[in-house]
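Structure assessment
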Amino acid sequence: MEKLLEEKFDLEHKHPSQESLRRWRSAVSLVRNRHRRFRYTANLDKRSESEQARRKIQEKLRVALYVQKAALQFIDAGNRVEYKLSQEVREADFGIDPNELASIVHGHDSRRLKFHGEVEGIARKVQVSLTDGVYLTDLPRRQKIYGFNQYVEKPPKSFWIFVWEALQDLTLIILIVCAVISIGVGIATKGWPEGIYDGLGIVLSIFLVVMVTSISDYKQSLQFRELDKEKKKIFVQVTRDGCRQKVLIYDLVVGDIVHLSIGDKVPADGIFISGYSLLIDESSLSGESEPVNISEENPFLLSGTKVQDGNGIMLVTSVGMRTEWGRLMETLNEGGEDETPLQVKLNGVATIIGKIGLTFAVLTFVVLVARFLVDKALQNKFLQWSLSDAMKLLNYFSIAVTIIVVAVPEGLPLAVTLSLAFAMKKLMNDRALVRHLSACETMGSATCICTDKTGTLTTNHMVVNKIWICEEIKVIKGNDSIDALKSMISDDVLIILLHSIFQNTSSEVVKGTDGKNTILGTPTESALLEFGLLLGGDFDGQRQKSNIVKVEPFNSVRKKMSVLVTLPTGGFRAFCKGAPEIILGMCSKVIGSHGELVYLTETWIENVMNIINGFASEALRTLCLAFKDIDDSFNNDNIPGDGYTLVAILGIKDPLRPGVKDAVEACLAAGITIRMVTGDNIYTAKAIAKECGILTDDGLAIEGPDFSSKSPEEMKKLIPKLQVMARSLPLDKHTLVKQLKDLREVVAVTGDGSNDGPALRAADIGLAMGIAGTEVAKENADVVIMDDNFTTIVNVVKWGRAVYINIQKFVQFQLTVNVVALVINFVSACISGSAPLTAVQLLWVNMIMDTLGALALATEPPNDMLMKRPTVGRGISFITRTMWRNIIGQSIYQLIILLTLQFYGKELLRLSGSDATSVLNTFLFNSFVFCQVFNEINSRDMENINVFRGMFNSWVFIVVMFCTIVFQILMVEFLGTFASTVPLSWQLWLFSILIGSISMVFAVIIKQIPVEPARNTTNSQHYYGYVALPTGPELA
């Protein structure tokens, strides 16, 4: 079985190839219900069609952006046809039609924009102030005329669609036909109402199966719908009512003033108002890889594009389906999401078992019919046929079809979806948003986590803790230390320091809706502004004194931010801040102890580096501030790159998150290697890594550029000891991920910047930060960590492992039921000429092992023991030898007991009288069901003896067990007419329960049998030094 699964049903964790997707589909040959089996698999034909549609739209956009733009240059604006303002727009007191607004941006129509008075004229016509923005009371009027920022989506499936799809099961359709014929023949032979009971029993059983299946599937769809809504929640920064605030992307209206920064997604079509170095990636729309510079000369911004660099403010002109992105969104989700590796594997298991079951069903039918014909021949009645004979043959056929129902485990692949949906819902409550189904599953197999430092291992609440200025180090604690600092430095130095903080920043101090000042920006920038305000600085006052000429925003490649401003007295001043080694290399002078400018000699540089390293070794993030005065003759095309004066070195404190150390220890105990990958100074990184337990005495810390300069062979030698990578660029992170995957590691990597996209895509699991992460990073990630907390990542690992183990439990349980049901019916048919379990009883058994079994076992919550198990790496057999041991052992026990009862039950139970056979068959059915009930409890733990641990924490399991037992009592005691059962005495009830419960004792004995570790799961050491944990009875 494992060989066939590897050949036909092996799928990559991420970005599977078209070939592998089509290969496993072609290998699935036996399916009862295609609608249900393939509900959560990608429709490759639809996906291909949507891809073609997307390319057509991109081509159309390319024409609009380039050909149309060029053509407009030859058209005289005066000769163009004037548009007419519609009555509705005029009555709403707007001065421009929505279609006119949309066409200006779509066609990049600069002439038309000028005709309307540029961005200021458009703002007047849409009745909005470029400083105060839209007023909340005005939203309904704007939405009525210009529309909502929402896209056309397919309506969700109703409950009755799921009922209809459940009824598409071919075997159920055949059984319904058989039941109808049975009712007709029954009435003819037995009369009314006795003749309808057998057929009606089958119909009622089918009705119950369909309803339970539909309810389960519908609840799953509701969970996915809720998760889908959460995935689409994007917040954008706008100015409304004169205040900066966050709003949902769906609440944007025409006229909104939107603030854009690196990594943001442009939320609607719009026109550029102001900004610096705004670079837009339009590849998602036009297919062009070259980024576009947005400025007053080229002010058009398109929805769905991404901010690659810089920042800006835009006026929203079109929303929703009036944008090209809105039209493109209609095609994006066609074809569905890729199936997960476990879903594919279990489709393979279902196919193999289904073929075996079909063979047994055919053989059972052949044997039953052959025995029936031989009996007729021996009685010389071969040519004498009656309706009762037809009824018997129909009954044999119904049993054979029902065996197929039981034997083809349609619920196996769907159990994965059920388990994943349950886990995703729970993870969302635990602040982790799973964007792709396969990520939750793959995370359980993670062998390595490459994590950021800032905000993930630390709190991301930064404060300036130390400052070196004028050759003095000051610790910043409270107002006293601030006063001491101000008294130590001259007024001129203080002014330069405040200018360096307030002029050279991408953050803002804004008034919130509550009237209080709020700092908006990154934690590092916020810490600097907060420090500047503590020093008595006036943010708005400082900004108004100078005009910003040019800005080079910070990014992870430059590791610095520069700004060029005009001075009130004439000339220019350049400010620069960033990584100490970068800024120090740009400086030629430093502010001395008395505020004088001193040349940076080698001795000075050595002293300054000692200060920086001292700050860093105390786990402080270090930052340098510098400035340069420039005369009027300067050509301001580029900000200078040298000749600066070093103002100060700041040490910013970012404390370790509570619980991180324990979470790291849990990962290490689980055989998961943790590596810190950060842009910080190597001394800062090492200090934090040691504090949280990542960096050990024999571990290696290296800088990103040093690692990337190594050859692949050298990298492979370094990786086993590599625990910290400092000063890393996004490309260094990507290189590390690729090397780890080459070593057959299952890699999870965190990222928050737009440049982290390649690493997030390349990793087996990309983890984006929900608070610090950009929209571009989130879009490329598989999981969004909503609270940016490393402990949440560990929780995702735990749930991922729970999903994998839960599916293994369910497979073990279902295969045991399959083996016993098939063998007992086949053997009984061969020996006695009849099947002990009727069609109705088999349908009930199918529901126990399929839908109810999946609910009980596939939704168990994780426990702490899961993090003490070894990781499940690549190429590991899904159905382990431990599982086969349990399946075979339980099957042998159940078959011995049930076959003994089948053939010697009357003697052993001392049954006599006309109803002895009915009582025996009912007792056999009851014992069989209770064997499954107790085996379901056995399956809760495949290795440990204590199967009750945590059972009462899983309310779903308890409810399923309770419902199964209650309905079994109803079937035996009250629904005998339909289920072919008779009421049992209390002694036989107790004996049935005893037979089932003994399987638990038998399970303890089975678990003492040693199992040789499977391929790739040897007890040898992990190459990072972790020893595989013990399995079997040792964990009891």
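The name that an unreviewed UniProt entry assigns to the chain is Calcium-transporting ATPase, with the source organism given as Nelumbo nucifera. According to UniProt, the comment filed for the chain under the heading Subcellular location (unreviewed entry) is "Membrane". Per UniProt, the chain has the following entry under Sequence similarities (unreviewed entry): "Belongs to the cation transport ATPase (P-type) (TC 3.A.3) family. Type IIB subfamily."

For the rest of this paragraph, the subject is empty space enclosed by the protein. For the structure shown, the criterion picks out four cavities of 30 Å³ or more. A volume near 150 Å³ is recorded for the largest cavity. In terms of lining, the largest cavity is formed by 14 residues, of which the most central are Arg32, Arg36, Asp169, Val209 and Thr213. Residue assignment for the lining of the largest cavity shows that the elements contributing at least two residues are helix H12 (197-231) and helix H33 (839-857). Top contributing element to the lining of the largest cavity by residue count: H33, with four residues. Per-class residue counts for the lining of the largest cavity are five nonpolar, four polar and five charged. Structurally, the lining of the largest cavity is a two-domain feature, drawing no fewer than three residues from each of domain 1 (1-51) and domain 3 (339-350 + 388-426 + 806-1011). Each pocket or cavity is described by its volume, and for the second largest cavity that value is around 70 Å³. As for the second largest cavity, its lining consists of Arg36, Ser216, Asp217, Gln220, Gly411, Leu414, Ala415, Leu418, Asp850, Thr851 and Ala854.

The way to describe two aromatic rings as a pair is by their centre distance and the angle between their planes. On inspection of all chains with the given rule, the structure shows 12 aromatic pairs. Ring geometry for Phe162 versus Tyr218: centroids 5.9 Å apart, planes at 65°, classification edge-to-face. In this pair, Phe162 sits in helix H10 (residues 159-166) while Tyr218 sits in helix H12, placing the two residues 56 residues apart along the sequence. Ring centres of Trp844 and Phe967 lie 4.9 Å apart, and the angle between their planes is 45°; on these two criteria the pair is classed as tilted. Of this pair, Trp844 sits in helix H33 while Phe967 sits in helix H36 (residues 955-973); the two residues are 123 residues apart in sequence, bridging distant segments of the chain.

Following the UniProt record, the feature "transmembrane region" (unreviewed entry) maps to residues 170-189, 195-215, 352-374, 394-423, 815-835, 841-859, 955-980 and 986-1006 here. Across residues 394-423, the secondary structure splits into 90% helix and 0% strand, with the terminal C-alpha atoms separated by 44 Å. Within the segment residues 841-859, helix and strand shares are 89% and 0% respectively, and the terminal C-alpha atoms sit 26 Å apart.

Further remarks concern the UniProt feature "domain: Cation-transporting P-type ATPase N-terminal" (unreviewed entry) in the chain. The sites that carry the UniProt feature "domain: Cation-transporting P-type ATPase N-terminal" (unreviewed entry) are, in the present numbering, residues 113-187. In residues 113-187, the share of helix is 60% and the share of strand is 0%. The end C-alpha atoms are 82 Å apart.

Turning to the pattern of salt bridges, a few remarks are in order. Under the criterion given, the structure shown has 26 salt bridges. We note a salt bridge from Asp629 to Arg573, for which the minimum N-O separation is 2.5 Å. A residue pair is termed long-range when its members are at least 10 positions apart, and Asp629 in strand E19 (residues 620-630) and Arg573 in strand E16 (residues 572-578) qualify at 56 residues. Through salt bridges with shared partners, a single network forms among Asp138, Arg141 and Arg142.

Even without being a glycine, His108 presents a positive backbone phi close to 50°. Note on His108: relative accessible area 6%, which makes it buried. A positive phi angle, near 60°, is found at Asp788, a position not held by glycine. Checked against the element boundaries, Asp788 lands in the loop between strand E26 (783-785) and helix H32 (790-832). The class for Asp788 is buried, based on a relative accessible area of 1%.

About the thresholds
- Residues numbered from 1 in each chain as written.
- Predicted model: local features only at pLDDT ≥ 70, side-chain atom pairs only at ≥ 80, totals over all residues.
- Heavy atoms only, no water.
- UniProt positions renumbered as here; feature names shortened; annotations may be inferred.
- 1 Å grid on protein atoms, 1.4 Å probe; cavity = no way out; pocket = protein on both sides within 12 Å on 5 of 7 lines; lining within 4 Å.
- Points joined across faces, edges and corners; volume = space filled by probe spheres on them.
- Helix = DSSP H or I, 4+ residues; strand = E, 2+ residues; numbered from the N terminus.
- Nonpolar A, V, L, I, M, F, W, Y, C, P; charged D, E, K, R; others polar.
- Domains from an automatic or database assignment.
- Phe/Tyr/Trp six-rings, centres within 6.5 Å; stacked < 30°, edge-to-face > 60°.
- Salt bridge = Lys/Arg side-chain N within 4 Å of Asp/Glu carboxyl O.
- Buried < 20%, exposed > 50% of the residue type's maximum accessible area, 1.4 Å probe, protein only.

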